[in-house]
Amino acid sequence: MTTLADRSPLPTRSRPAAVIWVRRNLLRTKLDVFLTVAFGAVGLLVLFHIFRFVFITARWEIVRVNLKLLLVGRWPVEHLGRIALVMITLGWWGGTIGGLIRAGQLRRGTADFDLRGWAKATDLGRRFGLLTATCLLILALSTTSGPWLLAAGTLTAALIGRWGGSKIRSMPLAPALFRLGGVVLLATPFILFLYLVSAVAFARWEGFLFNLTAAAAGIILCFPLGVLLALGRRSTLPLLRSLSIGYIEFVRGSPLYVLLLLANVSLEFFVPSALAPSKPVRAVITFTLFTAAYLAEIVRGGLQSVPRGQEEAAKALGLSPYRQMTRIVLPQALRNVIPAQIGQFISLFKDTTLAGLALGTFDLLSGGQAITQQDSFRGQGLIVESLVFVGFLFWVGSFTMSRESQRLERKLGVGTR
Amino acid sequence: MNTPAQYADATIATGAVIIELEHVDKFFDSFQALKDINLKVGRQEVVVVIGPSGSGKSTMIRCINRLEVHDAGRIVVDGIELTEDLRNIQEVRRETGMVFQSFNLFPHLSVIDNITLAPRLVRRVPKREADELAMQMLKRVKIPEQARKYPGQLSGGQQQRVAIARALAMKPKVMLFDEITSALDPEMIKEVLDVMEELAASGMTMIVVTHEMGFARAVANRVVFMADGEIVEVGTPEHFFTSPEETRTKQFLAQIL
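Read on for an overview of the structure. Bear in mind the structure is a predicted one, so any value in this text is a computation, not a measurement. (Residues numbered from 1 in each chain as written. Chains lettered and ligands numbered in written order. Predicted model: local features only at pLDDT ≥ 70, side-chain atom pairs only at ≥ 80, totals over all residues. Heavy atoms only, no water.)

**Overview of the overall build of chain B**
The secondary structure content of chain B amounts to ten helices and ten strands. Counting only C-alpha atoms and orienting by the principal axes, one finds that chain B spans roughly 50 × 45 × 40 Å. Within chain B, the fraction of its 257 residues that count as buried is 60%. Counting only contacts in chain B whose residues sit at least 6 apart along the sequence, the fraction spanning at least 24 positions is 66%. Surface accessibility of chain B: about 10800 Å² in total, with carbon and sulfur atoms responsible for 47%. Both charge centroids of chain B, one from 30 positive and one from 35 negative side chains, sit 7 Å from each other. (Helix = DSSP H or I, 4+ residues; strand = E, 2+ residues; numbered from the N terminus. Buried < 20%, exposed > 50% of the residue type's maximum accessible area, 1.4 Å probe, protein only. Contact = heavy atoms within 4.5 Å. Areas by Shrake-Rupley, 256 points an atom, 1.4 Å probe, with all protein chains shown as cover. Lys, Arg positive; Asp, Glu negative; His and termini not counted. Charge placed at Lys NZ, Arg CZ, Asp CG, Glu CD.)

**Things to note about the pairing of strand E9 (residues 222–227) of chain B**
Residues and elements named next belong to chain B. With six of six residues buried, E9 lies mostly within the body of the structure. Residues of E9 alternate between two faces, with Arg222, Val224 and Met226 on one and Val223, Phe225 and Ala227 on the opposite face, all of them buried. Direction of pairing for strand E3 (residues 46–50) relative to E9: parallel, over a ladder of four bridges. Opposite Val48, over in E9, you have Val223 as the bridge partner. The pairing of E9 with strand E10 (residues 230–235) spans five bridges and is antiparallel. Counted as the bridge partner of Met226 is Ile231 from E10. (Pairing = 2+ DSSP bridges.)

**Considering the environment of Gly309(A)**
Relative to the elements of secondary structure, Gly309(A) occurs in helix H14 (residues 308–316). Sequence separation between Gly309(A) and Glu61(A) is 248 residues; the distance between their C-alpha atoms is 62 Å.

**Re the pattern of salt bridges**
Residues and elements named next belong to chain A. A complete count under the given rule lists 27 salt bridges over all chains for this structure. With its nearest N and O atoms 2.6 Å apart, the salt bridge here joins Arg74 to Glu206. Of the two residues, Arg74 is situated in the loop between helix H4 (67–72) and helix H5 (80–108) and Glu206 in the loop between helix H8 (175–197) and helix H9 (207–234); the sequence distance between them amounts to 132 residues. As a salt-bridge pair, Glu297 and Arg300 come within 3.1 Å of each other at their nearest N and O atoms. (Salt bridge = Lys/Arg side-chain N within 4 Å of Asp/Glu carboxyl O.)

**Some points on the interface of chain B and chain A**
At the interface, 26 residues of chain B touch 25 residues of chain A. Summed over both sides, the interface between chain B and chain A buries roughly 2200 Å², with carbon and sulfur atoms accounting for 62% of that surface. Contact with chain A buries area across many residues of chain B, yet Pro107(B), His108(B) and Leu121(B) alone supply 26% of it, more than any other trio. There are one salt bridge connecting chain B and chain A. A salt bridge links Glu312(A) to Arg62(B); its shortest N-O distance comes to 2.6 Å. Considering each element in turn, the side of chain B that touches chain A owes the most residues, four residues, to helix H4 (residues 111–122) of chain B. Across the side of chain B that touches chain A, the residue classes break down as 14 nonpolar, seven polar and five charged. (Buried area = accessible area lost by both parts, 1.4 Å probe. Nonpolar A, V, L, I, M, F, W, Y, C, P; charged D, E, K, R; others polar.)

**Let's talk about the sheet that holds strand E4 (residues 72–77) of chain B**
Neighbouring strands of a sheet are bound in pairs by backbone hydrogen bonds; such pairs are parallel or else antiparallel. Residue and element names in this part refer to chain B. With antiparallel pairing, four strands are arranged side by side in an open sheet as E2-E1-E4-E5. Because the sheet does not close on itself, it has two edges, and the strands there are strand E2 (31–42) and strand E5 (80–81). In this sheet, E4 lies alongside strand E1 (residues 17–28) in antiparallel orientation, the contact comprising five bridges. For Glu20, the partnering residue across the bridge sits in E4 and is Val76. Lying over the sheet, helix H2 (residues 57–64) contacts E1, E2 and E4, oriented at roughly 60° with respect to E2. (Axes fitted to C-alpha atoms, helices over the stretch in contact; angles between N-to-C directions.)

Here it is as structure tokens:
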């Protein structure tokens with residue numbers, strides 16, 4: 001009689017699992033062996049070259065010397081303190097919101113996992129490890145102690161916010177105070193923006209600061225416009241519908257670069273140059289109008305994904321048309337298309353580099369190109385170092401957004417359907 | 001009390017009339033879904049509507065809270081005629097609860113939020129009061145322990161009972177049930193029917209579209225048989241299941257019993 005173990009197809013069952021895995025997946029046939037060796041060799045060669053470039057041949061002093069220029073452009077040194085204060089406040093703000101969300105999940109019992117100790121640490125590492133590593137890298141490049149203090153301050157503020165945010169709800173405060181707190185929290189980014197603008201006009205925001213703020217402003221502004229366009233496209237009013245469709249199709253049919261160039265030259269025909277908005281403002285307006293058209297199509301897809309029965313149930317309960325939309329249909333529609341929305345926002349974030357080319361503004365990319373023309377670096381082929389650094393910062397930002405969107409999607413999916 | 005002959009007349013209700021349909025027609029493009037529907041429903045009456053699929057049962061009750069717009073005739077609910085006037089429509093919907101075949105609970109809201117949403121937004125009930133009301137309704141449908149869960153975490157029978165609780169929380173004068181057990185697994189049908197029986201016993205005015213003949217026999221005051229968009233025959237359950245008169249009724253009953 002043969003037992004199951006006797007008939008095991010693997011003669012190597014006494015070997016470690018790793019060996020079995022390699023044999024099965026990498027070396028099963030002759031072709032597999034060949035492919036494994038070939039791709040392994042190419043991969044190693046590429047890795048070797050990257051490693052050699054990053055740690056040996058690259059001359060990172062071009063980035064080190066120009067770090068401030070790349071990050072915030074020609075931001076006046078006497079106002080750098082404002083940026084530091086804003087970053088610390090943003091740390092607190094983000095932490096507080098995180099804490100509030102966490103407390104809400106615990107209260108409603110929708111916190112899908114409650115990690116402790118090592119598991120918690122690896123989860124945090126997976127989420128923020130790359131971001132932290134990048135910050136450390138930039139800190140390592142900096143020559144003064146200011147950035148270190150700033151990073152420590154921001155982290156501390158974030159932790160305090162996280163702790164406070166998770167406790168606020170259980171404090172015996174009047175409902176009016178809660179509402180006031182909510183308003184303050186919502187208004188914080190705008191107040192911080194005004195605080196910075198009051199010192200340095202937005203027209204003079206440069207470097208990575210421009211890319212980050214232009215993307216953030218574009219995302220915030222295009223969102224309501226995109227949702228309204230999506231609703232307009234579904235409207236039963238013919239005029240509203242055709243206007244929405246016309247706008248969406250026009251914008252989606254034009255390259256962003258062309259629109260940016262138009263924003264650069266055409267305004268002078270209509271508006272006296274004294275009244276015309278500055279170039280960075282024009283860029284943000286163009287990004288907003290452009291992304292809104294794409295967002296409208298994404299939201300329309302989301303609206304179509306909500307079953308008709310949802311609207312009918314809301315109607316049957318006597319909800320007004322406005323509330324049917326805002327309380328029942330839209331929340332589900334927007335949730336269903338989170339990945340596509342975030343994808344569009346990531347796209348916008350990277351497209352902000354086009355502003356430098358089209359409008360001649362000084363952003364991270366055009367800054368990265370400009371520094372190679374400085375006297376001490378000209379003609380030394382350092383554009384690669386510069387571009388690698390620029391690309392790396394964008395990649396870190398995009399990748400973190402993408403990861404957090406997947407997480408958000410998972411979280412919001414809890415307990416639904 | 002009405003005489004058997006009066007029960008057979010769709011335009012005579014038992015007691016004070018609360019729902020009135022007069023010469024109602026409804027078209028979907030060129031297809032006529034409702035043909036000259038006349039029906040009166042009295043307060044506290046339970047009317048069960050049966051008939052083959054495609055006979056216009058659902059369309060008829062969906063016209064009563066204007067999820068469908070009728071093309072001709074009059075529909076009056078509790079003294080309010082359904083017209084283009086949005087305020088009238090909203091008022092009728094406030095007084096009319098509806099439960100659907102596919103539950104249509106709001107998946108992004110917890111059970112208790114599903115129930116309190118309309119009372120708070122439409123009736124302006126304060127949160128604390130609305131929560132208490134919701135818990136009462138959940139006790140009535142016998143699942144108070146599920147209040148904090150989300151619809152997706154409940155069984156079909158539980159979801160449908162939440163849907164009933166959600167409609168009841170608006171304290172409607174009339175309840176419309178649109179084949180609410182058709183999407184349920186057999187073992188869950190009874191728990192939903194039990195809730196409906198209790199509701200009927202409490203004096204709620206109900207129009208029930210269903211294929212559950214046992215329920216029709218036990219609970220209905222009147223049974224309405226529809227086919228091809230028309231009301232073919234109306235009568236007491238007794239009359240209906242023992243001595244139906246119309247050929248189409250007999251054919252239908254022969255098929256399903």
